[in-house]
Amino acid sequence: MKTYLVTGGAGFIGSNFIIYMLKNFKDIKIINLDSLTYAGNLNNLKEIESDVNYHFVHGDIRDNFLVNKIFEDFKVDYVVNFAAESHVDRSIEDPETFVKTNVLGTLNLLNCAKKAWYVDGKWKEGKRFHQVGTDEVYGSLGETGYFTESTSLDPHSPYSASKASSDLMVKAYFDTFQMPITITRCSNNYGPFQFPEKLIPLLINNAINHKALPIYGDGLNVRDWLYVEDHCKAIDMVINNGTIGEVYNVGGHNERKNIEIVKEVIEYLNREYDNTITEELITYVEDRKGHDRRYGIDPSKIKDELGWYPETSFEKGIIKTIKWYLKNKQWMEEITSGEYENYYNKMYNK
Ligand code: NAD
Ligand code: TYD
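In this text, all values refer to a predicted model and were calculated from it rather than measured experimentally.

**Quick word on the site of ligand 2**
- Neighbouring residues of ligand 2: 18 residues in total, closest Glu136, Arg223, Arg288, His291 and Tyr348.
- Between ligand 2 and the protein, one listed contact pairs an oxygen atom with a side-chain N or O atom of asparagine 188 at 2.9 Å.
- Within the complex, the protein chains bury 98% of what would otherwise be the 510 Å² of accessible surface of ligand 2.
- For the shell around ligand 2, the secondary-structure elements that each account for two or more residues are α6 (199-208) and β10 (213-216).
- Here the shell around ligand 2 gets 3 residues from one element, more than from any other, and that element is β10.

What follows is the structure, encoded as structure tokens:
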């Protein structure tokens, strides 16, 4: 029985990963360490919270005493580090928080894992530190080309700079100490439980409340979208079969301009939910500072080496996602009460 220490498991991708793993594997144990920032929500995990193989620890990945204690109390085999500050706009307002969690938090996890796993001059068998990274570390593409694993790192936002730093720290623990690590760098995710500060849930939430749909700049920036469950599958495959020390890019060639996404969301909601939701809600707002123009992943390595492929097309995934948000309005209402309103009003100057 393998024991996973999943950090940030109450956030968007982390909670999807825990649910995916506990549904697919009966012989694993998961410890979820999450400090429950504005982005963490234990309600995401309701369907598995009473599973005997699931255990929640409320705490910070920077807490050296606590993380060492987790390694002492549980025989941790795999660390899967999702915990992070994850929103670019927030990183422009407050870069320091991103360095503290994303860089110093990752460093603390590496040190605690090393302390537990490196004994008498050698690494214990079957251990793995997996870092959940992002394609944003590669910077921005022009009209053509893709990010491969050998594309130079060129982050532009405080968020992506902090994620690049944490990836490099993980790589340094492999190069210096031969720590058994892997890194995935995935493109933009969408799906259930995503906090509505990110584009797709923000559009759905605003549209159903007849609020303006803010589009940064000219709306022609391109993101490469992946349904969250396909990302979870990729992480599982890399942890179990990926080569130690390697980076794997994850993406499904689903590039869309932001304006196309907005129109797709409006078209579906207008047809299936409320015909007063129209393109009149689209509102062009000031561009994001340092806004990367285009992301596009070349996923050949993970496909060829590990046989990974995305199962959900964008056309199916976006409908599944909109339906989920319509069915879970209460989740949205709960998560957007309190601090969210202040944040939203500040960001969009309303
Ligand atoms: P999220 O913001 O939804 O969730 C982050 C989680 O981490 C929250 O539950 C939060 O409470 C927790 N957390 C934050 N600081 C913590 C700390 N100091 N200690 C313990 N827990 C802490 O983020 P997400 O979108 O689920 O992203 C998860 C990971 O995946 C991040 O590392 C992100 O960089 C990476 N990633 C995200 C995307 C995407 O499209 N969302 C794409 C590629 C990679
Ligand atoms: P986001 O979901 O914040 O992800 P990231 O910046 O990490 O790729 O944004 C996706 C794209 O949508 C990005 O080009 C910025 C744009 N965007 C808007 O146009 N309006 C919005 O309100 C938000 C949140 C994002």
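Next, the rest of the story.
**Looking at the sheet that holds strand β13 (residues 247-250)**
- Pairing within the open sheet is parallel, and its 7 strands lie in the order β3-β2-β1-β4-β7-β8-β13. What marks the edges here is a single partner per strand, and that holds for β3 (54-58) and β13. Within this sheet the neighbouring strands show an average axis-to-axis angle of 20 degrees, counted without direction.
- Note that strand β8 (residues 181-186) and β13 share 4 bridges and pair parallel. Its bridge partner being in β13, cysteine 186 is matched across the sheet by valine 250.
- Across the sheet, helix α4 (residues 95-117) is in contact with β1 (2-7), β4 (78-81) and β7 (128-134); its angle to β7 comes to roughly 165 degrees.
- Lying over the sheet, helix α7 (residues 228-241) contacts β1, β4, β7, β8 and β13, oriented at roughly 145 degrees with respect to β7.

**Quick look at the nonpolar core**
- Among the nonpolar cores identified, the biggest contains 59 residues, and Tyr4, Ile30 and Val80 are the most heavily contacted of them.
- Ranked by residue count, the leading element in this core is helix α1 (residues 12-24), at 8 residues.
- Setting aside anything within four residues of it in sequence, one finds isoleucine 30 in contact with Tyr4, Val6, Ile18, Met21, Leu22, Asn53, Tyr54 and His55.
- Core analysis: the next-biggest nonpolar cluster, separate from the first, contains 32 residues, Leu33, Ala113, Trp117 and Val170 among them.

**A closer look at the site of ligand 1**
- Close contacts around ligand 1 come from 28 residues, with Ile13, Asp34, Ser86, Tyr159 and Lys163 the closest.
- One of the side-chain nitrogen or oxygen atoms of aspartate 34 is found 2.6 Å away from an oxygen atom of ligand 1.
- Backbone polar atom of leucine 36 to an oxygen atom of ligand 1: 3.5 Å apart, as the coordinates give it.
- Relative to its unbound accessible area of 830 Å², ligand 1 is 96% covered by the protein chains.
- When residues of the shell around ligand 1 are traced back to their parent elements, those giving at least two are α1, β7 and α5 (158-177).
- Counting residues per element, the shell around ligand 1 draws most heavily on β7, which supplies 3 residues.

**Thoughts on the packing of α6 against helix α10 (residues 314-327)**
- Direction vectors running N to C along α6 and α10 enclose 50 degrees, while the axes themselves pass 11 Å from each other. Classified by the interaxial angle, the pair formed by α6 and α10 is oblique. Helix-helix and strand crossings are classified by hand; for α6 and α10 the assignment is right-handed. Of the residues in α10, those in contact with Ile200, Pro201, Ile204 and Ile208 of α6 are Ile318, Thr321, Ile322, Tyr325 and Leu326.
- Considered class by class, the residues forming the contact of α6 with α10 number 8 nonpolar, 1 polar and no charged.

**Details of the UniProt feature "domain: NAD(P)-binding" (unreviewed entry) in the chain**
- UniProt annotation of "domain: NAD(P)-binding" (unreviewed entry) refers to residues 5-320 when read in the numbering used here.
- Annotated as 40% helix and 18% strand, the span residues 5-320 places its first and last C-alpha atoms 29 Å apart.

**Examining the pattern of salt bridges**
- For the structure shown, the criterion picks out 19 salt bridges.
- Aspartate 175 is paired through a salt bridge with lysine 171; the nearest N and O atoms lie 2.6 Å apart. Placement of the pair is aspartate 175 and lysine 171 together in helix α5, with a separation of 4 residues, close to one helical turn.
- Overall, the relative accessible area of 41% leaves lysine 171 in the partly exposed class.
- The partner of glutamate 267 in a salt bridge is arginine 271, with the nearest N and O atoms 2.9 Å apart. Placement of both glutamate 267 and arginine 271 in helix α8 (residues 258-272) is noted, with a separation of 4 residues, approximately one turn of the helix.
- Residue classification places arginine 271 among the partly exposed positions, given a relative accessible area of 48%.

Rules behind the numbers
- Residues numbered from 1 in each chain as written.
- Chains lettered and ligands numbered in written order.
- Predicted model: local features only at pLDDT ≥ 70, side-chain atom pairs only at ≥ 80, totals over all residues.
- Heavy atoms only, no water.
- Near = heavy atom within 4 Å.
- Polar contact = N/O pair within 3.5 Å; in protein donor to acceptor, adjacent residues only side chain to side chain.
- Areas by Shrake-Rupley, 256 points an atom, 1.4 Å probe, with all protein chains shown as cover.
- Helix = DSSP H or I, 4+ residues; strand = E, 2+ residues; numbered from the N terminus.
- Pairing = 2+ DSSP bridges.
- Axes fitted to C-alpha atoms, helices over the stretch in contact; angles between N-to-C directions.
- Contact = heavy atoms within 4.5 Å.
- Core = buried A, V, L, I, M, F, W, Y, C linked by side-chain atoms within 4.5 Å.
- Buried < 20%, exposed > 50% of the residue type's maximum accessible area, 1.4 Å probe, protein only.
- Parallel < 35°, antiparallel > 145°, perpendicular 65-115°, else oblique.
- Left-handed = near helix turned anticlockwise from the far one by under 90°.
- Nonpolar A, V, L, I, M, F, W, Y, C, P; charged D, E, K, R; others polar.
- UniProt positions renumbered as here; feature names shortened; annotations may be inferred.
- Salt bridge = Lys/Arg side-chain N within 4 Å of Asp/Glu carboxyl O.

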